[in-house]
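Topology and contacts: notes
Next come the chains, spelled out residue by residue.
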Amino acid sequence: MTLSDVKPGKSYTVLKLRDSGATRRRIMDMGITKGARITVDKVAPLGDPVDLTVRGYHLSLRKEDLGKIEVAAV
Amino acid sequence: METTIALVGNPNSGKTTLFNQLTGNHQYVGNWPGVTVERKTGHLKGDKNIRFVDLPGIYSLSPYSSEEVISRNYLTDGHPDVIINIVDASNLERNLYLTTQLMEFGIPVVVALNLMDIVKKRGYTIKSKELSEQLQVPVVEISALRGDGLEDLVATTVKAARDGIMPQPVQFTSELESALAKIEDKLPSVMPGEMRRYYAIKLFERDEEAAEELGARINCDDIILETESLFDDSSDAIITNERYRYIESFIKRVHKRTITGATASEKVDSVLTNRILALPIFVVVITLIYYISISTVGTYATDWANDGVFGDGWWLGAEESGLWIPGIPAIIGTALEAVGCVGWLYDLIMDGIVAGVGAVLGFVPQIMILFFLLALLEACGYMARVTFILDRLFRRFGLSGKTFVPMIVGTGCGVPGIMASRTIESESARRLTVMTTTFMPCSAKLPIIALIATAVFGGVWWVAPLAYFMGIAAIIVSGIILRKTKPFMGKVTPYVMELPEYRLPRLVDLLRSMWSRAWAFIKKAGTIILLATIVVWFLSGYGIYEGQFMWVGEELMDHSFLAYFGNAFAWVFAPLGFGNWECASTVVTGLIAKENVISTLAIVYGGNPDVAWESAYLASLAASAGSVALIPVAAFAFMTFQLLCAPCFAAMGAIKGEMGGFNKWFWAAIGWECGFAYVVSLIIFQMGAWVVTGAFTLGTIVALAFLAALLWMLFRPASTPAAPEQVRKTVKATA
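Residues numbered from 1 in each chain as written. Chains lettered and ligands numbered in written order. Predicted model: local features only at pLDDT ≥ 70, side-chain atom pairs only at ≥ 80, totals over all residues. Heavy atoms only, no water.

**Concerning the overall build of chain B**
On a plain count of helices and strands, chain B comes out with 33 helices and 13 strands. Here chain B has a C-alpha radius of gyration of 29 Å; the compact-globule value for 735 residues is 27 Å, and the two agree. Taken along its principal axes, the extent of the C-alpha atoms in chain B is 90 × 65 × 55 Å. For chain B, the share of sequence-separated contacts (at least 6 apart) that also reach a separation of at least 24 residues comes to 70%. For chain B, the accessible area works out to roughly 29500 Å², and carbon and sulfur atoms hold 63% of it. A distance of 7 Å separates the average location of the 57 positive side-chain charges in chain B from that of its 67 negative side-chain charges. (Helix = DSSP H or I, 4+ residues; strand = E, 2+ residues; numbered from the N terminus. Rg over C-alpha atoms; globule rule 2.2 N^0.38 Å. Contact = heavy atoms within 4.5 Å. Areas by Shrake-Rupley, 256 points an atom, 1.4 Å probe, with all protein chains shown as cover. Lys, Arg positive; Asp, Glu negative; His and termini not counted. Charge placed at Lys NZ, Arg CZ, Asp CG, Glu CD.)

**Examining the packing of helix H22 (residues 446-456) of chain B against helix H23 (residues 463-483) of chain B**
All names here are of chain B. Where H22 meets H23, the axes come as close as 9 Å, and the angle between the chain directions of the two elements is 135°. By the angle between their directions, the pair H22 and H23 is classed as oblique. Along this stretch, H22 crosses H23, giving a crossing that reads as right-handed. Here Leu446, Ile449 and Ala453 of H22 come into contact with H23, specifically with Val463, Ala464, Ala467 and Tyr468. (Axes fitted to C-alpha atoms, helices over the stretch in contact; angles between N-to-C directions. Parallel < 35°, antiparallel > 145°, perpendicular 65-115°, else oblique. Left-handed = near helix turned anticlockwise from the far one by under 90°.)

**Describing the side chain of B:Lys15**
All names here are of chain B. Here Lys15 is to be found in helix H1 (residues 15-23). At a separation of 2.8 Å, a polar atom in the side chain of Lys15 contacts the side chain of Asp54. Lys15 has contacts with Leu7, Val8, Gly9, Asp54, Leu55, Pro56, Gly57 and Ile86, leaving out every residue within four places of it along the chain. (Polar contact = N/O pair within 3.5 Å; in protein donor to acceptor, adjacent residues only side chain to side chain.)

**Re the sheet that holds strand S4 (residues 57-61) of chain A**
One open sheet holds the six strands; their spatial order is S5(A)-S1(A)-S2(A)-S3(A)-S4(A)-S11(B), and the pairing between them is antiparallel. Only two strands of the sheet have a single neighbouring strand rather than two, namely strand S5 (69-73) of chain A together with strand S11 (496-498) of chain B. Taking each pair of neighbouring strands and ignoring which way they run, the sheet shows an average axis angle of 40°. As judged from the five bridges shared by strand S1 (residues 11-17) of chain A and S5(A), these two strands associate in the antiparallel manner. Bridging from a neighbouring strand, A:Lys16 pairs with A:Glu70 of S5(A). (Pairing = 2+ DSSP bridges.)

**Points about the nonpolar core**
Residues and elements named next belong to chain B. Formed by 134 residues in total, the largest nonpolar core has its most connected members in Tyr382, Phe404, Leu601, Tyr617 and Met639. Examining the composition of this core, we find that 14 residues originate from one element, helix H32 (residues 664-693), more than from any other. Mapped onto the domain boundaries, this core takes at least three residues apiece from domain 3 (272-296 + 366-492) and domain 4 (535-715). Those residues in contact with Met639, other than ones at most four positions away along the chain, are Ile448, Ile449, Ile452, Val463 and Ala467. Of all hydrophobic cores here, the second largest spans 60 residues; its members include Ala89, Met116, Ile223 and Tyr244. (Core = buried A, V, L, I, M, F, W, Y, C linked by side-chain atoms within 4.5 Å. Buried < 20%, exposed > 50% of the residue type's maximum accessible area, 1.4 Å probe, protein only. Domains from an automatic or database assignment.)

**Section: the domain arrangement of chain B**
Residues and elements named next belong to chain B. Examined at the domain level, chain B breaks down into domain 1 (3-163), domain 2 (174-249), domain 3 (272-296 + 366-492) and domain 4 (535-715). Look at where the C-alpha atoms of domain 3 and domain 4 centre, and you get two points 24 Å apart. At the interface, 35 residues of domain 3 touch 35 residues of domain 4. In total, about 3300 Å² of surface goes out of reach between domain 3 and domain 4, with carbon and sulfur atoms giving 81% of it. Where domain 3 packs against domain 4, one counts one salt bridge. (Buried area = accessible area lost by both parts, 1.4 Å probe. Salt bridge = Lys/Arg side-chain N within 4 Å of Asp/Glu carboxyl O.)

**A few points about the state of the cysteines**
Per the stated rule, a full pass over the model turns up zero disulfides over all chains. For the unlinked cysteine B:Cys674, the closest cysteine sulfur is that of B:Cys645, found at 5.7 Å. (Disulfide = S-S within 2.5 Å.)

**Structural notes on the interface of chain A and chain B**
Chain A puts 32 residues into the contact, and the matching count from chain B is 45 residues. In total, about 3600 Å² of surface goes out of reach between chain A and chain B, with carbon and sulfur atoms giving 52% of it. For chain A, the biggest contributors to the area lost against chain B are A:Arg25, A:Arg55 and A:Arg62; these three give 21% of the whole. Linking chain A with chain B are ten salt bridges. Going through the elements one at a time, helix H1 (22-29), strand S2 (37-43), strand S3 (50-54), S4 and helix H2 (63-66) of chain A are the ones with two or more residues in the side of chain A that touches chain B. Sorting elements by how many residues they give to the side of chain A that touches chain B places H1(A) first, with eight residues.

**Structural notes on the pattern of salt bridges**
Tallied over the full model, the rule gives 31 salt bridges over all chains. Here A:Glu70 and A:Arg18 are joined by a salt bridge, their closest N and O atoms 2.9 Å apart. Of this pair, A:Glu70 sits in strand S5 while A:Arg18 sits in the loop between S1 and H1, and the two are 52 residues apart along the sequence. Residue classification places A:Glu70 among the partly exposed positions, given a relative accessible area of 23%. A salt bridge links B:Glu133 to B:Lys129; its shortest N-O distance comes to 3.7 Å. With B:Glu133 and B:Lys129 both in helix H5 (residues 128-135), this residue pair falls four residues apart, about one helical turn. B:Lys129 sits in the exposed class, given a relative accessible area of 65%.

**Quick look at the sheet that holds strand S7 (residues 139-141) of chain B**
Residue and element names in this part refer to chain B. Strand order in the open sheet made by the six strands is S2-S3-S1-S4-S5-S7, with mixed pairing throughout. Edge positions in the open sheet fall to strand S2 (40-44) and S7, since each of these has one partner strand only. Taking each pair of neighbouring strands and ignoring which way they run, the sheet shows an average axis angle of 25°. When strand S1 (residues 3-9) meets strand S4 (residues 82-88), the two strands line up parallel, connected through five bridges.

**A word on helix H10 (residues 221-231) of chain B**
Residue and element names in this part refer to chain B. Of all the residues in H10, the buried ones are Ile223, Ile224, Thr227 and Glu228. The buried residues of H10 occupy an angular sector of 130° when projected down its axis, which confines them to one face. Exposed residues pointing more than 90 degrees away from the buried face of H10 are listed as Asp222, Glu226, Ser229 and Leu230. On the buried face of H10, the contacting elements are helix H7 (174-186), helix H8 (193-204) and helix H11 (235-254). Taken from the residues just after H10, Asp232 is the one with a positive phi, measuring 55°. (Arc of directions from axis to C-beta.)

**Points about the packing of aromatic side chains**
One pair of aromatic rings is described through two measures. These are the centre distance and the angle between the planes. Residue and element names in this part refer to chain B. In total, this model carries 28 aromatic pairs over all chains according to the counting rule given. Summarising the aromatic geometry, the rings of Phe573 and Phe578 are spaced 5.3 Å apart at their centres and angled 15° between planes, so their arrangement reads as stacked. For the residue pair Phe573 and Phe578, the accessibility class agrees, reading buried in each case. Judged by centre distance (4.8 Å) and plane angle (80°), the rings of Phe666 and Trp667 are edge-to-face. Given a relative accessible area of 2%, Phe666 falls into the buried group. For Trp667, a relative accessible area of 52% translates into the label exposed. An aromatic cluster is present here, built from Phe565, Phe569, Phe573, Phe578, Tyr605, Tyr617, Phe638 and Phe641 joined pairwise through their rings. Seen from the ring of Tyr502, Arg385 lies directly overhead, with NZ or CZ sitting 4.1 Å from the centre. Arg431 extends its terminal NZ or CZ atom over the ring of Trp665, reaching a point 3.9 Å from the ring centre. (Phe/Tyr/Trp six-rings, centres within 6.5 Å; stacked < 30°, edge-to-face > 60°. Lys NZ or Arg CZ within 6 Å of the ring centre and 35° of its normal.)

Set out below in structure tokens:
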């Protein structure tokens, strides 16, 4: 399961990041690494991007990039 | 001995506030990532031997954005004596990630735990002593905003520089350490010991930027591939994971949360970024800002300034019975008459300088209110939410929500707006942003909007907001059209955005931000605009009549040099409804500074003391447009052209800087801006004329053709498939 399939209000653990390149590295730098806990908070008014809580702060990412983050429900 | 201190920290960690507190400087502070795009230096207040270098806010030292490259190049080549790593204590875990990287440069590090006041208010505890023991570097608690702990910070930092104790880099798991050791062995033997680990890690991460710095190609593919298969992950992910694992290993010991549930900031966000309410609130906020600053409060203030201070004068107290305070022109006029000033000098000062510069200075109150509201918007944290709300919209046009930040900054001044484009990661989207940012009306264009709104449309509320939404529309339409052309095709721009906590800004910071920008505007009025008004006055006052060089004055102004000059290309603007020499010459004087548009109009139409120059301007528009009924249409086309066409020389310089010289990108930007402005204004005037007069002319056909072409470019499918996006590699730091 990836983060793009998940529902707001739930928490997940990161298993793996697919893909490669600059965006992936930036996402990792922001704290989305293997084992990190992520809570999906809400979706933007136009359906994208998504507001997440990771490592105690709010980060927003597009669904397209969320689809590259494999997670498991906590 | 001089001590150089580098200030490094995450975006929005309060770095610029700290820099201002330490140096007594008044750098501009905002609550969204990416305010500092270049490095700045300053001395400690009262001690010239301590120098601070404020580096752009960064999350990491990867080579993927220009800020990161500027910062790491400074740390490897600039040889600071010590680093102050400013850490947002309310966001400790992610901020420490950069700390683990800074500890690898072989430079002493002092951690400044900022925002401790917010941390305490939110019910967190941070044990800074334990954190210091864990990291083996000094940790000082501060509040940059309130100035707490700064003396301690400076003393600790100077001591750390003097002692020269290098931080111990984070130890990774043994398999990774042995791989890094093997790479270190391959590094040139001349490299000093403290830099070896940094470069070993960078080579392991396949960081091409760092590999290039080393010069000689060092092959460590075998080591990397072996380690990658061992960890079943890519090399840069291995390093990132290890850093965060290290932080996780102790974060619970030093950082405790005693209150649970949503924070105040999250409660505010549940309204402001609410799925249904967010967009209406955004429209209301933007409308209010421009409505307040231009249409209501701003207008009262500007009317007072224009009719009172720079006009006849005003009543202090009750009308007719209070004290009559004469306006500046009256005071200067009386003074000049008293000293028996010669006629031509009197005219130059009164009709040239006072009329021209006064017409510009009259807008200072509106501009101050706009700057105050923009500073409030930036400082509270709403701007980051705007990128979140609008990203979906902008992405459709190949841009990211981050494009909105240069746009909003651009409403103050185009130069920082253009420079703010550097936070955009993708090269093609960044170029596109540089090309289109100045479509947003900057504060210097505000007088033009105010003139049209009041003199032509009688002060209706919607003209000013409309001008801003028109700027947004111009950017979006340009984005769609250009994205379908080959040079701008590319993958979608990435969007990875931190949503910072809302903060209540201090009034003094807002006022300071407002004043520093308003002062720049006033200074410009006193220098470049003053000079331009003198030149314009001479060119419009003197001319050649019946073969003789002479003073042409008001009656014969059509024979002035400015008239000859304007007439040479006024025909270009005839299809736009303002093909007279007066308006044509403002297009050129506007390139020096956009304020000149109004000051020039005030001079060339201000000859007759019995008629307000605004009325003379409208009368001449009626003549060039063809009828009195067409005045609003021609005036609106005039405003549209002035708002959208090429910006002033200063902003063109910024475009040149961001495009990398006077190259094809620069000329494409200027060409697109002028062409787009012309086509849109022509459509507005011709279609408007058709609606108002009912006459279908050749101009209507041309306008319809242009409109059809624009629509085709908007809706045609992108012909060739998108080419893979190039990751921006090297950016030449201008600092």
